[in-house]
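Overview (structure and organization)
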Amino acid sequence: MSLLECGKITRIFQPGGFAALKDVSIRLEAGEAVGIVGESGSGKSTLANIIGGLDEPTSGSVSYRGRLLSSLSREERKAFRRDVQYIFQDPRASMNPFFSLYRVLEEPLIINRRDLGRQERRSLIERTVTKLGLEKDILTRTAKEVSGGQAQRIAIARCLLLQPGIIIADECVSSLDLSVQAQIINTLRAIRHELGTSFIFISHDIELVRYFCDRIYVMLHGRIVETLDSDKLFTQAQSDYTRLLIGDSYDRT
Amino acid sequence: MSELLTIDSLSVRDERHIILSGFSLKVARGEKVALVGESGSGKTMSLRSLLHILPSDVEITSGSITFNGTDVLGCSARERRERLYSRIGFVAQNTTESLHPLMKVSTQLCDAYRQRHKAGRKEAAARARELLVSTGMKDADRVLSSRAGQLSGGMRQRVNIASAMMDDIDLLIADEPTSALDAHVRRQIEQLYARLSDTKQFAMLVISHDLSFVRSLADRVYVMYAGKLVEEGLCEEIFSSPAHPYTRALISLGNIVRKNKDEDLDCLGDYVRPVSRDNASCAFAGRCRESRDECARAVSYRRLSETHFVRCNL
């Protein structure tokens, strides 16, 4: 049984309109990192939203640990939401600009970890941000007052605090400098190895996806055009589109 | 080569931080110059100083900028319009925001040109069409009658480039022209810049952190860190014998294709920290793998060759 499985998902936003996703099937095994590549408009983010329950497919099914998302009870759904966490492209857009970063981090704990007292929350938050290489005093600032790389690490901290089984990273480094990108990716790899977290890693950067993921789904115009093991990307890619995407990097190897 | 743009010892600051400190840069007529460095190093602020579009809490404290013989910092708004804005084309980083999504592309391309040159509708439209075609836009007529919001990211880039060339420019400035694009659109736009650089007479000043792009395009490269230049030189000097550890680090980043999955990616650690007091020691020392005691001493901008300069004691 896969950890997460999407079967023949189609998403049409307006009745009679064009399909953002057409018959998309993907699966994610426990501990696996799966990459989804494709250019803007290919349906990557729509798929990410459906996988995490932020949006519903027009037809098709999503199941989590063998159970259909639509059949989960209220409590089970809350547990699912806690277990599946997102990291988005623009960290600041997902944080209240008037909250201190401490409050940004504390809020999900107040909602999801009722068992923790104020002091326990504080020590958990401080431990987590220190582990991500941030200093504690940064927590008194707001999202606008820190750099993009720092804000992205706060977003990662927020996601780790709930100890999710699945992290959906949607273009989580594309707005950052190369050096900061590398830091964030190294951090995510360490999380993977320490905690065994599964990843759905969405990016238009096929080189990065090859490096980070075990398997790759290539999307074009709302369909999956190719699925392959990331180790075989450069040698066994069949579809013309995948070859177009790797064209440049392929020449450099 | 005769000089087109000279920025001389420019210092810029806001209330708390030094943004540029003694920053100097030259562009000769027809020359392709690149300015590289991470976010926070001051690349965009140097452009904004030149174009007189600094945020209101930021001020220029010393230095001069000369463009085509005009003193840019001292001239009147009218002179700035006539001698600066009509001779410089600017492609902003965010091409979505720099076009009105609901206005027709033809209007956005033609309006300013018609006013400035007292040109008729037909003349302006013909020029816009010709420039769009020169950017490799297929179906230029359909694009001209579309609204900008209906275009894809790559098409908006081309419209922006065409728009920057509407006037008879001496200098095209592009701020991170490829960073927000998908891999293969990025390749097309890179090729377009390379083609423009071969076919057009104007000079280019390109800001980018994409070094493979810079390498393919630029005659000369400036590398900046925390508001100061750390190295400048001819493109081949910078890429084949980089003298500053920061330049070497930037070049080594992004070789992800050759990375095995069991090794970490190279990174510099930390990020560019804003500087609040002018300091003659090396600002990069805290992140530099090669730093030694002498890095805390004053660093001068040394000359390595006629064209190659570096700010490093090692």
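Every chain is numbered independently, its residues counted from 1 as its sequence is written. Each chain gets a letter, beginning with A, and each ligand a number, beginning with 1, in the order they are written. Local features in this predicted model are restricted to residues whose pLDDT is 70 or higher, and side-chain atom pairs enter the listing and the counts only when it is 80 or higher, whereas totals over whole chains, interfaces and linings include all residues. In computing side-chain properties, one takes all heavy atoms of the structure into account and sets aside hydrogens as well as water.

1. A short note on the packing of aromatic side chains
All names here are of chain A. The line we're drawing: Under the pairing criterion, centres of Phe, Tyr and Trp rings, with the six-membered ring standing for Trp, must be within 6.5 Å; the plane angle then separates stacked pairs below 30 degrees from edge-to-face pairs above 60, leaving the rest tilted. Look at NZ for Lys and CZ for Arg. If either is within 6 Å of the ring centre and within 35 degrees of the ring normal, a charge sits over the ring.
Counting across every chain of the model gives 9 aromatic pairs over all chains. Grouped by ring-pair contacts, the aromatic residues F199, F201 and F212 constitute a single cluster. Taking NZ or CZ as reference, R103 lies 3.8 Å from the ring centre of F99, over its face. The positively charged end of R122 is found above the aromatic ring belonging to Y102, 4.2 Å away from the centroid.

2. Some remarks on the sheet that holds strand 5 (residues 67–68) of chain A
Residue and element names in this part refer to chain A. For clarity, the cut-off: Think of it this way: DSSP has to see at least two bridges between two strands before they count as a pair. Counting from the N terminus, the helices are DSSP H or I runs at least four residues long and the strands are E runs at least two residues long.
On the basis of which strands lie adjacent, the open sheet formed by 4 strands has the order 2-1-4-5 and antiparallel pairing. Sheet topology places strand 2 (19–28) and strand 5 at the edges, where each strand pairs with a single neighbour. Pairing analysis gives 5 bridges linking strand 1 (residues 4–12) to strand 4 (residues 59–64), with the strands arranged antiparallel. Counted as the bridge partner of G7 is S61 from strand 4.

3. Some thoughts on the interface of chain B and chain A
To be explicit about the condition: In what follows, residue pairs with any heavy atoms lying within 4.5 Å of each other are defined as contacts. The buried area of a pairing is the accessible area, by a 1.4 Å probe, that goes missing from both parts when the two are put together, added over both. Put simply, a salt bridge is a Lys or Arg side-chain nitrogen that is within 4 Å of an Asp or Glu carboxyl oxygen.
If you look at the interface, chain B gives 29 residues, while chain A gives 32 residues. Buried area between chain B and chain A, both sides added, is near 2600 Å², and the carbon and sulfur share of it is 48%. Joining chain B to chain A, the criterion identifies 1 salt bridge. Note that R189 of chain A is salt-bridged to D264 of chain B, the shortest N-O span being 2.6 Å.

4. Quick look at the pattern of salt bridges
All names here are of chain B. Convention followed: Throughout this description, buried means an accessible area under 20% of the type-specific maximum (1.4 Å probe, protein chains only), exposed means over 50%, and partly exposed covers the range between.
Inspection of every chain in the model, using the stated rule, returns 27 salt bridges over all chains. Here E82 ties to R78 by a salt bridge, and the two come within 3.1 Å at their closest N and O atoms. You can see E82 and its partner R78 sitting in helix 2 (residues 77–85), 4 residues apart, about one turn around the helix. Classification of R78 as exposed rests on a relative accessible area of 54%. E290 is the partner of R248 in a salt bridge, and the nearest nitrogen-oxygen pair spans 2.8 Å.

5. Description of helix 6 (residues 178–195) of chain A
All names here are of chain A. Rules: A helix's residues, less one, multiplied by 1.5 Å, set its expected span.
Taking 1.5 Å of rise per residue, the 18 residues of helix 6 would be expected to cover 26 Å, and the 26 Å separating its terminal C-alpha atoms lies within 8% of that figure. Counted residue by residue, helix 6 has 13 buried out of 18 residues, so it is predominantly covered. Downstream of helix 6 by a residue or two, G196 has a phi angle that is positive, lying close to 70°.

6. A closer look at the domain arrangement of chain B
All names here are of chain B. Here is the rule: Here the limits of each domain have been adopted from an automatic or database domain assignment. N or O atoms closer than or at 3.5 Å make up a polar contact, with two conditions inside protein: a donor-capable atom paired with an acceptor-capable one, and, for residues adjacent in sequence, both atoms drawn from side chains. Ten residue types, Ala, Val, Leu, Ile, Met, Phe, Trp, Tyr, Cys and Pro, are classed as nonpolar, four, Asp, Glu, Lys and Arg, as charged, and the remainder, Gly among them, as polar.
As far as domains go, chain B holds domain 1 (3–87 + 169–311) and domain 2 (98–168). Just the C-alpha atoms count here: the centres of domain 1 and domain 2 sit 29 Å apart. Contacts between domain 1 and domain 2 engage 17 residues on the former and 14 residues on the latter. Contact between domain 1 and domain 2 buries roughly 1200 Å² in total, counting both sides, with carbon and sulfur atoms accounting for 61%. Our enumeration of links across domain 1 and domain 2 arrives at 0 salt bridges. The interface formed by domain 1 and domain 2 contains 5 residue pairs in polar contact (both at pLDDT 80 or more). If one sorts the elements of the side of domain 1 that touches domain 2 by residue count, helix 7 (residues 183–199) sits on top with 7 residues. Its residues placed into classes, the side of domain 1 that touches domain 2 shows 11 nonpolar, 2 polar and 4 charged.

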